[in-house]
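# Architecture and fold: a report
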Amino acid sequence: MTYYYSVGILICVAVSLAVSLNIASGYSRHLSLAHAAFWGLGAYGFALATAHKWNPLLALVVSVLAAALGGLVAAAPTLRVRGDYFLVVTLGMGEALNNVLVNLRSLTGGSNGLSNIVLLPGVKPGPNIDYYYLQVFLAAAVVMVVLGVLIQRSAFGQALRATAEDEEATAALGRNPTWLKVRALTLGAACAGLTGGLYASWTSFISPGIFTSSASVLILATVLLGGIGNIWGAVFGAIVLTALPEGLRFAHVPGANAQLWQQMIYGLLLILLMAVRPGGLLPARSGR
Amino acid sequence: MIWQALYNGVVTGALYALVALGYTLIYGVARLINFAHGDVMMVGAYTCLFCMERFHLPPAPALLAAIAAGALIALLIERLAVRPAARKGDRLAPVISTIGASVVLQAGAGLLFGAAARSLPGGKLLDPIYLGPIQTTLAQLSTLVGGSVLTLVLALFLKFHLYGQAIRAVADDPTLAETVGIAPHRIAQIAFALSGIMAALAGIAVGLDSSLRPTMGYSLGFMGFTAAVLGGIGNPTGAILGAMLVGMVSSLTGTYLSSAWLPGYVFGTLALLLLFRPQGLLPGRKAVAT
């Protein structure tokens, strides 16, 4: 049973990350490749705060703030850089942050990472941990989905979509496109940070190898596979892409190479899907 | 020590230029960042290793086989991943397809060759040579000379050859190019094949200098990609300038500061430059909003 619980948790983590990236980038179409870095900021924020004997709930606030600050920094180049260049700048930012995590050994433990991270209050170590955390992660994922739906329907979401269509026109209508994008990126990053804090407390071990640019690429691919600019697309994409490798495990794929075969099928699926449905599985409808 | 650092910078720059030119050529004709470009390098390097180990080919035919494999894989990426996804006019879909291709190539290399690091048998190529205050190897010299010659040939091709001019025409204005009878798909294939050839050679140069891994394309790809953007993506001269800048930054910071912080320094350079010149050093293709 705990196996299903941990798969459930991984699905919730994937959903939270995809939905938060969709908030940060999906409507404004300023695609960020630094999302795993925000996730990592949240995780390291939690681990370091609890290592200094802070209350875990207070440490979660640190997670959110650390990631939001990261999002604010990442949003700075939107003042000048557009389109593909933004993709590159955020990719570089993610690489640079990973570099910091590896090199600041005294603080982050270097590439060995940090271990023995504390559990959330009220959890007793034992076989029921995964069941408890599944509820926590599910609640977090639901909150983020609701937040996403609210944004999608709000004037804020509409203005964000308008900046993607035509920045000058949005500015002419009295909305500041830069400020809109900064808010979206910061909010999305904060959500990723919360996910990171919870993740650190669940696994009790984090290292720079988890929060890499390849992880950012996978999160972005999840959003695009599901359908960018649509919360339900992000949710669906995350469930499919997390459940798929787990499903392969039951198809008796040969042992040591199983993960590579999973990757292979995952890649082929991406190529195939982009040829058949370039807008993703659940494309965003316009005028909503 | 300064001479050695400058020399290393030029060698690294020549290597990055091969990679950056590939990104920039493809961006010019297809308006797309090819996320699988780094993996084409990996395929080239492994093909060379495979031919030498399994078929006991001498280095020269193995090199040719690697070049052929690089061009072939790049063409397959264009035909099977990029073109079908671009058919419906979505700008993001082909980019995601190349991410898919990258994942497939890395998994395939892992299945065929295993995840452990390998190295190309360099033999005499790796013996130290002393040129005044500079220590080098035959492999590094060939990277420098080969890279420069190839870059020059490419520049001449783009300037004077009919197909080179067609590549520039498509990069400049695809619709106008089509009306004068240039087939964009044919031109895209030529650009992908050229980028594949250069990537394979870069992969072999890296394989001689350090090691082969299925994921080796990632860091080299990041450097080449940054160089292309620094120079103004879509502009070949800019890509060479950007590559030299990144090569110098890597070498000088590695010698005088610390090589552990390399990604940080390279990104810092990129961030500073883009802050003051959002389009890169030289005017490139105007980045289209995604």
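Conventions we followed
- Every chain is numbered independently, its residues counted from 1 as its sequence is written.
- Chains carry letters and ligands carry numbers; both start at the beginning, A for chains and 1 for ligands, and go up in the order they are written.
- This being a predicted model, a pLDDT of at least 70 is required before a residue's local features are given, and a value of 80 or more before pairs of side-chain atoms are given or counted; all residues contribute to the totals for chains, interfaces and linings.
- Strands here are runs of E lasting at least two residues and helices are runs of H or I lasting at least four, both read from the DSSP assignment and numbered beginning at the N terminus.
- As a reference, a globule follows 2.2 Å times the number of residues to the power 0.38, and the radius of gyration itself is taken over C-alpha atoms.
- Here a residue counts as buried when 20 or more other C-beta atoms fall within 10 Å of its C-beta, as exposed when 12 or fewer do, and as partly exposed in between; the C-beta atoms come from the backbone.
- The contact criterion used is a C-beta to C-beta distance within 7 Å, with each C-beta placed from the backbone.
- When residues are grouped by polarity, Ala, Val, Leu, Ile, Met, Phe, Trp, Tyr, Cys and Pro land in nonpolar, Asp, Glu, Lys and Arg in charged, and all others, Gly among them, in polar.
- Axis definition: a line fit to C-alpha positions, over the contact stretch in the case of helices; interaxial angles, taken between N-to-C directions, run 0 to 180 degrees.
- Every angle not falling under 35 degrees, over 145, or within 65 to 115 is termed oblique; those three ranges are roughly parallel, roughly antiparallel and roughly perpendicular.
- It is the directions from the helix axis to the C-beta atoms whose arc is reported.
- Think of pLDDT as the predictor's per-residue confidence, scored from 0 to 100.
- By the convention used here, strands pair only if DSSP detects at least 2 bridges between them.
- It is the rotation of the near helix from the far one that decides the hand of a crossing: anticlockwise by less than a right angle makes it left-handed, clockwise makes it right-handed.
- Expected helix span is computed as 1.5 Å times (number of residues minus one).

## Observations concerning the overall build of chain A
Helix and strand counts for chain A come out as 12 helices and two strands. Helices (α) and strands (β) of chain A occur, in sequence order from the N terminus, as α-α-α-α-α-β-α-α-α-α-β-α-α-α. Relative to the 2.2 N^0.38 estimate, which gives 19 Å for 288 residues, the radius of gyration of chain A is 19 Å and therefore close to what a compact globule would have. With respect to the principal axes defined by its C-alpha atoms, chain A has extents near 60 × 45 × 35 Å. A buried classification covers 52% of the 288 residues belonging to chain A.

## A short note on the overall build of chain B
In terms of regular secondary structure, chain B is built from 11 helices and two strands. Each helix and strand of chain B, ordered N terminal to C terminal, gives the series α-α-α-α-β-β-α-α-α-α-α-α-α. The C-alpha atoms of chain B give a radius of gyration of 18 Å, which matches the 19 Å a tight globule of 290 residues would have. Dimensions along the principal axes, computed over C-alpha positions, put chain B at roughly 55 × 50 × 35 Å. Looking at chain B as a whole, 52% of its 290 residues are labelled buried.

## Considering the interface of chain B and chain A
On the chain A side, the residues contacting the 38 residues of chain B number 35 residues. Only helix H3 (59-86), helix H4 (93-113), helix H9 (217-231) and helix H11 (262-276) of chain B provide two or more residues apiece to the side of chain B that touches chain A. Element by element, the count of residues in the side of chain B that touches chain A is highest for H4(B), at 12 residues. Looking at the side of chain B that touches chain A residue by residue, the class counts come to 29 nonpolar, seven polar and two charged.

## Focus on unusual backbone geometry
Residue and element names in this part refer to chain A. Look at Arg29: it is not a glycine, yet its phi comes out positive at around 60°. Position of Arg29 among the secondary structure elements: in the loop between helix H1 (2-26) and helix H2 (35-51). Its identity is not glycine, yet Asn116 carries a phi of approximately 55°, on the positive side. Position of Asn116 among the secondary structure elements: in the loop between strand E1 (114-115) and helix H6 (129-153). On the basis of neighbour count, Asn116 is assigned to the exposed category, with 9 C-beta atoms found within 10 Å.

## Quick notes on the packing of H6(A) against helix H9 (residues 177-203) of chain A
Residue and element names in this part refer to chain A. H9 packs onto H6 with a crossing angle of 175° between their chain directions and a minimal axis gap of 11 Å. Relative to H9, the element H6 is oriented roughly antiparallel. Of the residues in H9, those in contact with Tyr133, Val136, Phe137, Ala140 and Met144 of H6 are Cys191, Leu194, Thr195, Leu198 and Trp202. In terms of residue class, the contact of H6 with H9 is made up of nine nonpolar, one polar and no charged.

## As for helix H6 (residues 162-172) of chain B
Residues and elements named next belong to chain B. Those residues of H6 not exposed but buried are Ala166, Ile167, Val170 and Ala171. Down the axis of H6, the buried set is contained in an arc of 135°. They therefore lie on one face. Exposed side of H6, more than 90 degrees from the buried face: Leu162 and Asp172 are the residues found there. Close packing links the buried residues of H6 with helix H1 (2-30), helix H5 (138-160), helix H7 (174-179) and helix H8 (184-209).

## A few points about the environment of Pro94(B)
Residue and element names in this part refer to chain B. Its place among the elements puts Pro94 in helix H4. Judged by local crowding, Pro94 falls into the buried class, with 26 C-beta atoms found within 10 Å. In contact with Pro94, not counting residues within four places along its chain, are Leu32, Val82, Ala85 and Ala86.

## Concerning the confidence of the model for chain B
Detailed reading of predicted coordinates is not advised where the pLDDT is low. On average, chain B scores 86 in pLDDT, and the residues at 70 or more come to 97%. Interface confidence for the predicted complex, given as ipTM, is 0.84, next to a pTM of 0.84.

## Description of the pairing of strand E2 (residues 134-137) of chain B
Residues and elements named next belong to chain B. In the sheet, strand E1 (residues 128-131) pairs with E2 via four bridges, with the strands oriented antiparallel. Within E2, the position partnered with Tyr130 by the bridge is Gln135. Linking E1 to E2, which pair antiparallel, is a turn of two residues; within it Gly132 sits at a positive phi near 60°.

## Some points on the environment of Phe113(B)
All names here are of chain B. Of note, Phe113 is situated in helix H4. The spacing of Phe113 and Tyr46 is 67 residues in sequence and 8.3 Å in space, taken between C-alpha atoms. Sequence-distant contacts of Phe113, defined by excluding residues within four places in its chain, comprise Tyr46, Arg118 and Pro214.

## So, the packing of H1(B) against helix H10 (residues 236-256) of chain B
Residues and elements named next belong to chain B. Contact pair H1 / H10: the axes reach a minimum separation of 7 Å and the direction vectors enclose 140°. With respect to each other, H1 and H10 are oriented oblique. Crossing handedness for the pair H1 and H10: right-handed. Across the contact of H1 with H10, the residue classes break down as 14 nonpolar, 10 polar and no charged.

## Things to note about the confidence of the model for chain A
Mean pLDDT for chain A: 86, with 94% of residues reaching 70 or above. Per-element mean pLDDT across chain A ranges from 81 in helix H11 (residues 231-250) of chain A up to 95 in H2(A).

## Topic: H8(B)
Compared with the 38 Å implied by 1.5 Å per residue over 26 residues, the 37 Å span of H8(B) between its first and last C-alpha is a close match. Summarising burial for H8(B): 20 of the 26 residues are buried, a large majority.

## Concerning the environment of Thr175(B)
Residues and elements named next belong to chain B. Residue position: Thr175 is located in helix H7. Judged by C-beta crowding, with 8 C-beta atoms within 10 Å, Thr175 ranks as exposed. Separated by 15 residues in sequence, Thr175 and Ile190 have C-alpha atoms that sit 18 Å apart.

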